[in-house]
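An overview of the molecular structure
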Amino acid sequence: AKAINFGILYGMGARALGQSIGVKAKEAQAFIDGYFERLPRVRAWIDGTIEQARREGEVRTLYGRRRKLPELESKDPRQKAFGERIAVNTPIQGTAADLIKIAMIRLDRKISEDGLPTRMLLQVHDELVFEVDDGHRDAVYEVVRAEMENVVDLAVPLAVDAGFGANWAEAH
């Protein structure tokens with residue numbers, strides 16, 4: 001489901017999606033068609049974002065960071081298609097990057113203010129890795145969850161999952 005969702009959202013065609021999820025292109029196309037039938041506003045957003053990117057030559061994240069898209073002016077159809085995929089990807093992934101950075105800044109402040117015995121060690125995409133003793137795990141989790149889920153008020157709620165372990169692999 002995750003491969004289908006991200007593949008479709010970022011403009012993956014039926015052949016590439018089929019290879020990614022191990023089905024024939026025809027079946028992958030049925031997934032794509034069904035996806036947009038059930039979620040027509042997603043199709044409208046994608047189309048609108050690409051059209052706006054063509055007009056303005058760039059896209060922006062929710063927080064205003066810009067990505068210029070000269071690829072949209074290319075005569076090469078592959079370059080133009082690449083630009084369209086970037087036009088859709090950037091507002092989503094760029095905003096996600098903005099949000100995780102804001103959450104990290106707020107968490108660093110909150111951990112310090114509350115004197116929590118933990119250290120933020122690492123960011124991996126939309127994940128944060130903390131070092132924390134088992135005895136403080138629940139308290140740290142609650143602070144992290146609250147800060148990350150409330151980093152911005154969106155029409156769709158942000159949900160935070162947590163895993164625990166002696167290392168990052170175990171925590172998954």
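I will try to describe carefully the structure that is included in this document. Quick caveat, the model's predicted, so the values are computed rather than measured.

This next bit is on the layout of surface pockets. Here the second largest pocket defines a volume of roughly 210 Å³. Ile-8, Gly-11, Met-12, Arg-43 and Ile-46 are, among the 14 residues lining the second largest pocket, the residues nearest its centre. Every element with two or more residues in the lining of the second largest pocket is listed here: α1 (2-9), α3 (25-38), α4 (40-56) and α5 (77-114). Of the residues forming the lining of the second largest pocket, the biggest block, 4 residues, is contributed by α5. Partitioning the lining of the second largest pocket into residue classes produces 9 nonpolar, 2 polar and 3 charged.

Both strand β3 (residues 118-124) and strand β4 (residues 127-132) contribute to a ladder of 6 bridges, which runs antiparallel. Bridge assignment links Gln-123 to a residue of β4, and that residue is Leu-128.

Let's shift gears to the side chain of Thr-95. Here Thr-95 lies in helix α5. What Thr-95 contacts, discounting residues up to four positions off in sequence, is Thr-61, Leu-62 and Thr-90.

Following the criterion strictly, the structure yields 3 aromatic pairs and no others. With a centroid separation of 6.4 Å and 75 degrees between ring planes, the pair formed by Tyr-141 and Phe-164 is classed as edge-to-face. Taken together, the residues Tyr-141 in helix α6 (residues 137-149) and Phe-164 in the loop between α6 and α7 (168-171) connect sequence positions 23 residues apart. Positioned above the aromatic ring of Phe-36, the side-chain terminus of Arg-43 is 4.0 Å from the ring centre. Residue placement shows Arg-137 over the ring face of Phe-164; its charged tip is 4.3 Å from the ring centre.

Attention now goes to the environment of Arg-119. For Arg-119, the location among the structural elements is in strand β3. Remark: the alpha-carbon pair of Arg-119 and His-136, spanning 17 residues in sequence, is separated by 12 Å. Excluding its chain neighbours within four sequence positions, the residues that come into contact with Arg-119 are Val-129, Phe-130 and Glu-131.

About the thresholds
- Residues numbered from 1 in each chain as written.
- Predicted model: local features only at pLDDT ≥ 70, side-chain atom pairs only at ≥ 80, totals over all residues.
- Heavy atoms only, no water.
- 1 Å grid on protein atoms, 1.4 Å probe; cavity = no way out; pocket = protein on both sides within 12 Å on 5 of 7 lines; lining within 4 Å.
- Points joined across faces, edges and corners; volume = space filled by probe spheres on them.
- Helix = DSSP H or I, 4+ residues; strand = E, 2+ residues; numbered from the N terminus.
- Nonpolar A, V, L, I, M, F, W, Y, C, P; charged D, E, K, R; others polar.
- Pairing = 2+ DSSP bridges.
- Contact = heavy atoms within 4.5 Å.
- Phe/Tyr/Trp six-rings, centres within 6.5 Å; stacked < 30°, edge-to-face > 60°.
- Lys NZ or Arg CZ within 6 Å of the ring centre and 35° of its normal.

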